[in-house]
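Residues per chain, in single letters:
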Amino acid sequence: MSPPRTAAIIVAAGKGERAGGDLPKQFALLGDRAVVAHSYRALSDHPAISDVVVVIADGQQSLLAGALGDVPHVTGGATRRDSVRAGLAAIGDADRVLIHDAARPFLSATMIARLLAALDHAPGAVPVLPVADTLARGVGGLGDVVDRAGLVRVQTPQAFHVASIRAAHDAWPDDAEATDDAQVLRAAGHDVMTVEGDPMLDKITHPADFAAAEARLTARLISRSAAGYDVHRLEAGEELWLGGVLIPHDRGLSGHSDADVALHAITDALLGTIAAGDIGSHFPPSDPQWKGAASDRFLAHAAALVAERGGIIDFIDLTIICEAPKIGPHREAIRARIAAILRLQSQQISVKATTTERLGFTGRGEGIAAQAVATVRVPGV
Ligand code: CTP
Ligand code: MG
């Protein structure tokens, strides 16, 4: 028997009226990407899921393209239920489906696995959390407290056997509202299993929820530091580039590109924070196109790779090791230049210098060495 085929539907066809803002909430920016792009990535990266279909409203095509590029999508309807039905019609012969709100950006692989495992025991499974706050009726002043014992908050994704949920939606009365799909399956007489929910899955509904989502995004980041080191030879007739600044000196550095040891050490430190190899693996010294090249492009490339992983650069600490020239007079220019390349503030760049007491190759003035430590925050695994 072939393994079951699992599809995912992201419903993103709402207007987001309660959240306000210039764009419907699912297309608003959260961190470095649109709200919908967060759960899209979690679903499409998951090995058990073969297809992800996004349901959007008519007219949201360019918003979707801006958020996710060219991805499979269909047009939804006036209610969430209409949108789900459009999604169910678009997933072909899938056996299992996860139906998820675009407005719940933080979906973990653990949650996906938990829901799919539950489908081995029931035709439907939903994540739920207990209600912690006191609940009371509240229209026109405080009314009676509602007993919260036995109440749960129901989240998405909700997981189903496709045949069961399709049949349940077909049987649901057209004039009745359904804010989720589990109630539709239950109404058709099926059991829905509950699994432990995740506070990270809370829905963005009101304007204040965006601030909470941003805070959750930052809380998911972990700090990483990595070191970089480089040496180049000092030779007559070369320019001396250090930290992206041309420094007047009787000799200059020779070697790969413009031989800016300081930028090379920082580039390696940044690549180290995301375990992305070293400068030589990205820009081989044997490749003639890098001969004499300005090193700021190597550093900008490393910064772009960190950003691509959802990372933020917090701090760079650079040490230049040489007998001459004196670095002090150029320190502020170097800080400003590195900050400009990395789009950071100068306060996030530390530039130090030391001699080696005339010992070794730096002490004899044969070359200049640089070491750097980069500190970044990247999404935890
Ligand atoms: N949704 C949908 N089609 C609809 C209505 C809602 O696909 N006709 C989606 C929303 O885009 C959202 C999810 O269903 O991802 C949950 O709905 P809700 O939080 O109510 O979002 P909106 O309807 O967009 O917001 P509001 O009710 O504040 O207008
Ligand atoms: Mg709504």
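Residues numbered from 1 in each chain as written. Chains lettered and ligands numbered in written order. Predicted model: local features only at pLDDT ≥ 70, side-chain atom pairs only at ≥ 80, totals over all residues. Heavy atoms only, no water.

**Q** Just to check I follow, could you spell out the pattern of salt bridges for this structure?
**A** Where charged atoms of side chains with opposite charge meet at close range, the side chains can pair. Under the criterion given, the structure shown has 15 salt bridges. Note that Arg80 is salt-bridged to Asp101, the shortest N-O span being 2.9 Å. A residue pair is termed long-range when its members are at least 10 positions apart, and Arg80 in helix α3 (residues 80-90) and Asp101 in strand β6 (residues 96-101) qualify at 21 residues. Here Asp101 falls in the buried class, since its relative accessible area comes to 9%. Where Asp317 meets Lys352, a salt bridge forms, and the shortest distance between an N and an O atom there is 2.7 Å. Of this pair, Asp317 sits in strand β17 (residues 312-321) while Lys352 is found in strand β18 (residues 349-354), placing the two residues 35 residues apart along the sequence. Overall, Lys352 belongs to the partly exposed group, its relative accessible area being 34%. Salt bridges linked by common partners bring Arg80, Asp101, Arg104 and Asp181 together as one network. (Salt bridge = Lys/Arg side-chain N within 4 Å of Asp/Glu carboxyl O. Helix = DSSP H or I, 4+ residues; strand = E, 2+ residues; numbered from the N terminus. Buried < 20%, exposed > 50% of the residue type's maximum accessible area, 1.4 Å probe, protein only.)

**Q** Whenever I open this one, the sheet that holds β18 confuses me. Can you help?
**A** Hydrogen bonds between backbone atoms are what pair the strands of a sheet, whose relative direction is either parallel or antiparallel. A sheet is described by the order of its strands in space; here 5 strands give the open sequence β16-β13-β19-β17-β18, paired in mixed fashion. A single partner strand is all that each edge strand has here, and the edge strands are β16 (251-254) and β18. Across the sheet, the mean angle separating the axes of adjacent strands is 25° when strand polarity is ignored. Alignment of strand β13 (residues 221-236) against strand β19 (residues 367-379), held across 13 bridges, turns out to be antiparallel. Each bridged residue has a counterpart across the sheet, and for Arg233 the counterpart in β19 is Gly367. Against the sheet, helix α8 (residues 261-273) touches β13, β16, β17 and β19, its axis set at about 155° to β13. (Pairing = 2+ DSSP bridges. Axes fitted to C-alpha atoms, helices over the stretch in contact; angles between N-to-C directions. Contact = heavy atoms within 4.5 Å.)

**Q** Explain the packing of helix α10 (residues 296-308) against helix α11 (residues 331-342) to me, please; I cannot follow it from the model alone.
**A** Each packed pair of helices is defined by two parameters, the angle between the axes and the distance between the axes. Relative to each other, α10 and α11 sit at 50°, their axes nearing to 9 Å. Considering the angle they form, α10 stands oblique to α11. Here α10 runs over α11; the crossing is right-handed. Taking contact as the criterion, the partners of Asp296, Leu299, Ala300 and Ala303 in α10 are, on α11, Arg337, Ile338, Ile341 and Leu342. Among the residues making up the contact of α10 with α11, the classes are represented as 6 nonpolar, no polar and 2 charged. (Parallel < 35°, antiparallel > 145°, perpendicular 65-115°, else oblique. Left-handed = near helix turned anticlockwise from the far one by under 90°. Nonpolar A, V, L, I, M, F, W, Y, C, P; charged D, E, K, R; others polar.)

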